[in-house]
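What follows is the residue order along each chain.
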Amino acid sequence: MVSRRSVLGGALAATTLPFLGPGAPLAGSAHAAEPTTPHGSGLAESRVPRAFSTPMPVPTVLRPASTSGDQDFYEVTLRKATAGILPGAATDVLTYDGHFPGPVIHARTGRKVVVLQHNGLDMPVAVHLHGGNVSPESDGNPMDVFDPGTSRTYVYANRQPHASLWFHDHAHHMESEHVYRGLSGNYLLTDDIEQGLPLPKGSYDVPITIRDARFDEDNRLVYSTADRNRTTILANGAVTPYFEVAARKYRFRLLNSANLRFFSLSLSDGTPLTQIASDGGLLERPVSVPVLPLSPGERADVVVDFSRYPVGTQLVLNNSGPGSIGQVGKVLRFDVVRTAEDPSSVPAVLRALPAAADLPATVVTREITLGMDEDGRPEPRGFINGQVYDPERIDTTVALGSSEIWTVTNTNRRVPHNLHLHLVQFRVLERDGVPVGPAEAGLKDTVRVMAGSTVKLHVTFGGYRGDYVYHCHMLDHSSMGMMATFRVR
Ligand SMILES: [Cu+2]
């Protein structure tokens, strides 16, 4: 197979991107996000910005270069840029059209989106629409890259219901570093069902992408595989920012774009979050969640009603996931600064989804295992069903339109994983033999699979014939080989 090093070739070596190689320590993989040192970011403590000292940016919405009857056409250039992430300093990042955090594309079901991507970087790239039901030519398969100086047209038919999707780089062996350095953005697909609901809209509907990062003394983003020292938390690209809100309801579209870190999110006053959507769009009903778990690649839309707080209130979005609370325990702070009218509401029923018992009959049951070397070797491998990813191999063949049960087991003793399938939205039926709760019972494309545990999925392979990948979305792990290919025939 192609190694990450050979993919790097001379291309990356000629750039200024630091590459610490696959020999970076893995000892931390058991709790991949836990720091080993008290201030393990590598950044002097004095240079870490004070929490809540910068405003949270709202990502830029891309405008179509042109529109016609049934489609919007976008033109985007992937290029290097600098971002002011740390105080008084510029950090080199990789971007779509210069935007850090990544930009937002708004799409509507039934209306095609065409994106012409120009590769202005010095590495091959592939753009994947995560959660999209997309033809194989436009899926951004890891081996289907386009080179520096060339362009590629991606066509998104949007023949699927509303969902908070996202797009990101998927170039094999490089997706992890590329996403880490900035190559991701939101793709918010809406439809008549969603638009017909009185949920918060416009400036009260805010994407919040959370991730971690590690900086060096020169304000550079440091990337090394399975790095446990990414302990600076970014919300929309800003370090533990504040966000000024009105005393009314907001919809926040939360996305975990981190490579390894699992977040467990909660409000500092103990008020539960009202979760209204998961990866594949609205849940059937809103769910009150005291703590919201979000693994890499997962999305959850929540509504927070700030009208319960007087103006002047400050409310922190906390993280109780792996890691030191002092380093990674705070994500951002909501500052209630004004009152506002609020015509929005959260209906008791958001959409209709078939009950588990009413899902299409399944013809095949498969056992999928996820695992990686846990013995501390310098170049750990990732496996699906015992095999490292080989792009020449078709691991699973499914029939177009058929439904299958996938039983997915994490065979590691300590390392958590998750599983993302391209092309489809699936349903999670069970977790360790127990039916999942309502927050996980909607449409999903990425599911957490904790060490030693098993999830049972119902997957319908609709839309397109072709080859697609499934992989752990801890991108360091997929880079290590925890990826496989299914063919829809
Ligand atoms: Cu993994």
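This is a predicted model, so every value here is computed, not measured.

(A) Inspection of the overall build of the protein chain at higher detail. Helices and strands together make up the secondary structure of the protein chain, namely five helices and 33 strands. Whereas a compact globule of 489 residues would reach a radius of gyration of roughly 23 Å, the protein chain reaches 21 Å, a difference of no more than 12%. The C-alpha extent of the protein chain, read off along each of the three principal axes, is 60 × 55 × 50 Å. Looking at the protein chain as a whole, 60% of its 489 residues qualify as buried. Across the protein chain, contacts joining residues at least 24 apart in sequence account for 77% of those joining residues at least 6 apart. For the protein chain, the accessible surface area stands at approximately 17,500 Å², while carbon and sulfur atoms represent 52% of it. Within the protein chain, one finds 45 positive and 50 negative side-chain charges whose respective centroids are separated by 2 Å.

(B) Structural context of the pairing of strand β17 (residues 281-289). Bridge count between strand β16 (residues 273-278) and β17: five bridges; the pairing is antiparallel. Within β17, the residue paired with Ala277 across the bridge is Leu282. Hairpin geometry of β16 and β17 is characterised by an intervening segment of two residues between the two adjacent antiparallel strands.

(C) Highlighting the coordination of the copper ion. The coordination sphere of the copper ion contains the protein donors His417 (ND1), Cys472 (SG) and His477 (ND1), at a distance range of 2.0 to 2.1 Å. For His477, a relative accessible area of 1% gives the class buried.

(D) Just the pairing of strand β33 (residues 483-488), in detail. Within β33, five of the six residues are buried, leaving the element largely enclosed by the surrounding structure. As paired elements, strand β24 (residues 396-398) and β33 share three bridges and run parallel to each other. When the sheet's bridge partners are listed, Thr396 is paired in β33 with Phe486. Here strand β32 (residues 466-471) runs beside β33; their pairing, made up of six bridges, is antiparallel. Bridged to Gly466 within β33 is Val488.

(E) View of the sheet that holds strand β8 (residues 163-169). Strand order in the open sheet formed by four strands is β4-β9-β8-β6, with mixed pairing between adjacent strands. Taken across any chain shown, the strands that pair with only one partner, and hence form the sheet edges, are β4 (104-108) and β6 (127-130). Taking each pair of neighbouring strands and ignoring which way they run, the sheet shows an average axis angle of 25°. For β6 and β8, the ladder comprises four bridges, and the chain directions are antiparallel. Pairing of His130 across the sheet is with Trp166, part of β8.

(F) Local environment of the environment of Asp375. The topology assignment puts Asp375 in the loop between β22 (364-372) and β23 (382-384). Judged by relative accessible area, Asp375 falls into the exposed class, the value being 52%. Here the alpha-carbon distance between Asp375 and Val287, two residues 88 residues apart in the chain, equals 40 Å. Polar side-chain contacts of Asp375 include one of 3.0 Å to the side chain of Arg377.

(G) Summary view of the sheet that holds β33. With mixed pairing, five strands are arranged side by side in an open sheet as β24-β33-β32-β26-β30. One side of each edge strand has no neighbouring strand; the edge strands of this open sheet are β24 and β30 (446-449). Averaged over all adjacent pairs, the angle separating strand axes in this sheet is 25°, with direction ignored.

(H) Structural context of unusual backbone geometry. The residue after Phe100, namely Pro101, is reached through a cis peptide bond having omega 5°. In this model, Phe52 sits at a positive phi of 65°, which is unusual for a non-glycine residue. Within the secondary structure, Phe52 sits in the loop between α1 (4-13) and β1 (66-68). Classification of Phe52 as buried rests on a relative accessible area of 14%. For Asp432, which is not a glycine, the phi torsion comes out positive at approximately 50°.

(I) Quick peek at the pattern of salt bridges. Following the criterion strictly, the structure yields 33 salt bridges and no others. For the salt bridge of Asp445 with Arg299, the shortest nitrogen-to-oxygen distance reads 2.7 Å. Taken together, the positions of Asp445 in the loop between β29 (443-444) and β30 and Arg299 in strand β19 (residues 299-305) put the pair 146 residues apart, joining distant regions of the chain. On the accessibility criterion, Asp445 (0% relative accessible area) is buried. Its salt-bridge partner being Glu404, residue Arg366 comes within 2.6 Å of it at the nearest N-O pair. Taken together, the residues Arg366 in strand β22 and Glu404 in strand β25 (residues 403-410) connect sequence positions 38 residues apart. For Glu404, a relative accessible area of 2% gives the class buried. In the salt-bridge network here, residues are joined through shared partners; they are Asp279, Glu298, Arg299, Arg431, Glu440, Lys444, Asp445 and Arg448.

(J) Layout of the domain arrangement of the protein chain. In terms of domains, the protein chain is made up of domain 1 (4-35 + 55-194), domain 2 (202-339) and domain 3 (356-488). Between domain 1 and domain 2, the contact holds 48 residues from the first and 50 residues from the second. In this assembly, domain 1 packs against domain 2 so that about 4,000 Å² is buried in total across both faces, 61% of it on carbon and sulfur atoms. Inspection of the domain 1/domain 2 interface yields two salt bridges. With a closest N to O distance of 4.0 Å, Glu194 and Arg253 form a salt bridge. Viewed at the interface, domain 2 and domain 1 are joined by 16 residue pairs in polar contact (both at pLDDT 80 or more). Taken together, the elements giving at least two residues each to the side of domain 1 that touches domain 2 come down to β3 (91-96), β8, α2 (175-180) and β9 (184-190). A per-class count over the side of domain 1 that touches domain 2 returns 29 nonpolar, 13 polar and six charged.

The rules we used
- Residues numbered from 1 in each chain as written.
- Predicted model: local features only at pLDDT ≥ 70, side-chain atom pairs only at ≥ 80, totals over all residues.
- Heavy atoms only, no water.
- Helix = DSSP H or I, 4+ residues; strand = E, 2+ residues; numbered from the N terminus.
- Rg over C-alpha atoms; globule rule 2.2 N^0.38 Å.
- Buried < 20%, exposed > 50% of the residue type's maximum accessible area, 1.4 Å probe, protein only.
- Contact = heavy atoms within 4.5 Å.
- Areas by Shrake-Rupley, 256 points an atom, 1.4 Å probe, with all protein chains shown as cover.
- Lys, Arg positive; Asp, Glu negative; His and termini not counted.
- Charge placed at Lys NZ, Arg CZ, Asp CG, Glu CD.
- Pairing = 2+ DSSP bridges.
- Donors = N, O, S within 2.8 Å, 3.2 Å for Na, K, Ca; no water.
- Axes fitted to C-alpha atoms, helices over the stretch in contact; angles between N-to-C directions.
- Polar contact = N/O pair within 3.5 Å; in protein donor to acceptor, adjacent residues only side chain to side chain.
- Salt bridge = Lys/Arg side-chain N within 4 Å of Asp/Glu carboxyl O.
- Domains from an automatic or database assignment.
- Buried area = accessible area lost by both parts, 1.4 Å probe.
- Nonpolar A, V, L, I, M, F, W, Y, C, P; charged D, E, K, R; others polar.

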